[in-house]
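Chain and residue survey
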Amino acid sequence: MKVLKFGGSSVADASRLRAAARIVERQLDGCPGGGAVVVSALGGVTDRLLALAAGAVEGNGGDEPAREAAALRDHHLKIAAEVAAEADLADLSAAIDELCDGLVRELDDCARAGVTPERPRGAWIDRIVCHGELLSTRLLAAALRARGLPAEARDARPLVRTDRSFQAAQVALEPTMDAIASHFAGIGEDGPLQVVTGFLGSTPEGATTTLGRSGSDLTASLVGAALDAEQIEIWTDVPGVMTADPRRVEDALPIPRLSYEEMLELSHFGAKVVYPPTVTPARRKAIPLLVRSTLDPEHPGTLVDGTRDRERARGTAVTGISSIDDVHLMLLVGDNLVGTPGVAARLFDALRRAAPARS
Ligand code: ADP
Ligand code: ASP
Ligand code: MG
């Protein structure tokens, strides 16, 4: 069994969605135990929803958000008409309409009711932003059905259990693994291919949460770990993890193999191709992660696994270079710092207290 994850740029328009569906068909063909697909919102949609949500929590209702919500509806309906089989289109369009009606209601409610202790700012934002993945899963499932693959969209909120840190929720690993495993056991190997919303989760009270920007990678790793997948494939717009950010370094090269530790380090320090928390569930179950390009599906990409570094002939001293923008360097000086216990603890505690609240 394999888990395949497609990021926003890999499902940005109708032709990319169709290409993603072709990749799913090819990768799962004859795959023992079948597979599961995880998908992000269509490219650019999460940013647009976040902008809408930012206005709504400030109480801005009216024409402008209504126009933008209508534009989002049109965008998805137009792509639906291009990817769905004719017999599927009426149901798909009705489902998109229903989700977009829900989005408009949410925006109105938020602008009118505003932020309260029961529903803080982040909770409203997650209720709004979740529509990106709820919509994209419908489209990819339809594109798969159009190729003759029985597929259905799956809202992952009841499966991915989190705390209440809205917009960057922490996953409760064991309950999540159990919920995913029992959902898939219920579907069975002969059931429809599950096209799962990346990025989304819910609190024990059922409030919608999101896992942080790029969180769909983590969803794929959770699904893979819960189902003991043979591999987790992260399909993106570059041919693997590269020696540097290809947007900054023209001649960056794909890295054929990485250890989990190297992947963690590179992603933690800025290689945004894989969301850092993604590594942990896969590593726990020793499941290889593959990073591959939807633009170049023949390219082998990067294999990330537990193989020890020294067992590999890499031929280079440096694995890769990553970078982070807007880092602040702080220098704390003082005569009494050395040998005074508790200074570091006070410093880090002060930084924690100063961090912006997430709920
Ligand atoms: P997706 O939409 O598929 O989730 P992301 O935009 O999150 O894709 O991640 C892919 C992007 O990560 C690439 O387009 C690239 O610009 C950027 N990136 C930054 N550092 C690296 C790196 N070391 N290797 C590959 N891509 C990188
Ligand atoms: N759609 C979300 C984002 O843009 C999650 C993801 O792409 O992984 O951050
Ligand atoms: Mg990403």
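So, here's what we can say about the structure. What you are looking at is a predicted structure, and each value in this text was computed from that prediction instead of being measured.

Section: the side chain of Arg292
If you trace the backbone, Arg292 turns up in strand E9 (residues 289–293). There is no salt bridge for the buried Arg292, and the closest opposite charge comes from Glu233, which lies 4.9 Å off by N-O distance. At 3.3 Å, the side chain of Arg292 and the backbone oxygen of His299 are in polar contact. Look past the residues within four positions of Arg292 in its chain and what remains in contact with it is Arg26, Gln27, Ile234, Trp235, Thr236, Val238, Pro297, Glu298, His299, Pro300 and Gly301.

Re the pairing of strand E4 (residues 193–197)
Among the five residues of E4, five are classified as buried, and the element is accordingly described as predominantly covered. Two strands pair when backbone bridges link them, and strand E2 (residues 35–39) and E4 are joined in this way by four bridges, in the parallel orientation. Residue Ala36 lies in a different strand from E4, and its bridge partner there is Gln194. In this sheet, E4 lies alongside strand E3 (residues 151–154) in parallel orientation, the contact comprising four bridges.

Some points on the nonpolar core
Phe6, Val24, Leu139, Leu140 and Leu144 are the most contacted members of the largest nonpolar core, which totals 53 residues. Ranked by the residues each element gives to this core, the list is headed by helix H6 (residues 131–146), at eight residues. The residues touching Leu140, leaving out its near neighbours within four places in the chain, are Phe6, Leu17, Ala20, Ala21, Val37, Val39 and Val195. Residues Met1, Leu211, Ile234 and Val238 belong to the second largest nonpolar core, which totals 44 residues.

Considerations on the site of ligand 2
The local shell around ligand 2 consists of Ser40, Ala41, Thr46, Glu133, Phe199, Arg213, Ser214, Gly215 and Ser216. Interatomic distance of 2.7 Å between a side-chain N/O atom of Arg213 and an oxygen atom of ligand 2. Here an oxygen atom of ligand 2 and a backbone polar atom of Ser214 are 2.9 Å apart. Taking 260 Å² as the accessible area of ligand 2 by itself, protein coverage stands at 87%. When atoms are counted within 2 Å of each cavity's grid points, the one that captures over half of ligand 2 is the largest pocket.

Reading the values: the criteria
- For every chain, the first residue of its written sequence is number 1, and the numbers climb from 1 along that sequence.
- Whichever chain is written first becomes A and whichever ligand is written first becomes 1, with later ones labelled in order.
- Since the coordinates come from a predicted model, pLDDT governs what is reported: local features require at least 70, and pairs of side-chain atoms require 80 or more to be given and counted, while whole-chain, interface and lining totals use all residues.
- Each side-chain value is derived from all of the structure's non-hydrogen atoms; neither hydrogens nor water enter the calculation.
- Helix and strand assignments follow DSSP, with helices taken as H or I runs no shorter than four residues and strands as E runs no shorter than two, numbered in order from the N terminus.
- Using a 1.4 Å probe on the protein chains alone, a residue whose accessible area is under 20% of its type maximum counts as buried, one over 50% counts as exposed, and one in between counts as partly exposed.
- Working convention for charge: Lys and Arg count positive, Asp and Glu count negative, and His plus the chain ends are omitted.
- Salt bridges are counted wherever a side-chain nitrogen of Lys or Arg sits within 4 Å of a carboxyl oxygen of Asp or Glu.
- We define a polar contact as two N or O atoms separated by no more than 3.5 Å, with the added condition that, inside protein, one atom must be a possible hydrogen donor and the other a possible acceptor, whereas residues neighbouring each other in sequence contribute only through side-chain atom pairs.
- Here, residues are in contact when the closest pair of their heavy atoms is within 4.5 Å.
- When DSSP locates at least two bridges between a pair of strands, those strands are taken to pair.
- We call a set of buried Ala, Val, Leu, Ile, Met, Phe, Trp, Tyr and Cys residues a nonpolar core when their side-chain atoms join them within 4.5 Å.
- Only a single heavy atom is needed: when it lies within 4 Å of a molecule or strand, its residue is near that molecule or strand.
- Using the Shrake-Rupley algorithm and a 1.4 Å probe, accessible areas are obtained, with residue cover drawn only from the displayed protein chains.
- Only protein atoms enter the 1 Å grid used here. Points where a 1.4 Å probe fits but cannot escape make up a cavity, open sets with protein on both sides within 12 Å along at least five of seven lines make up a pocket, and a residue lines them when an atom lies within 4 Å of a point.
- Think of it this way: if more than half of a molecule's atoms are within 2 Å of a pocket's grid points, that molecule is in the pocket or cavity.

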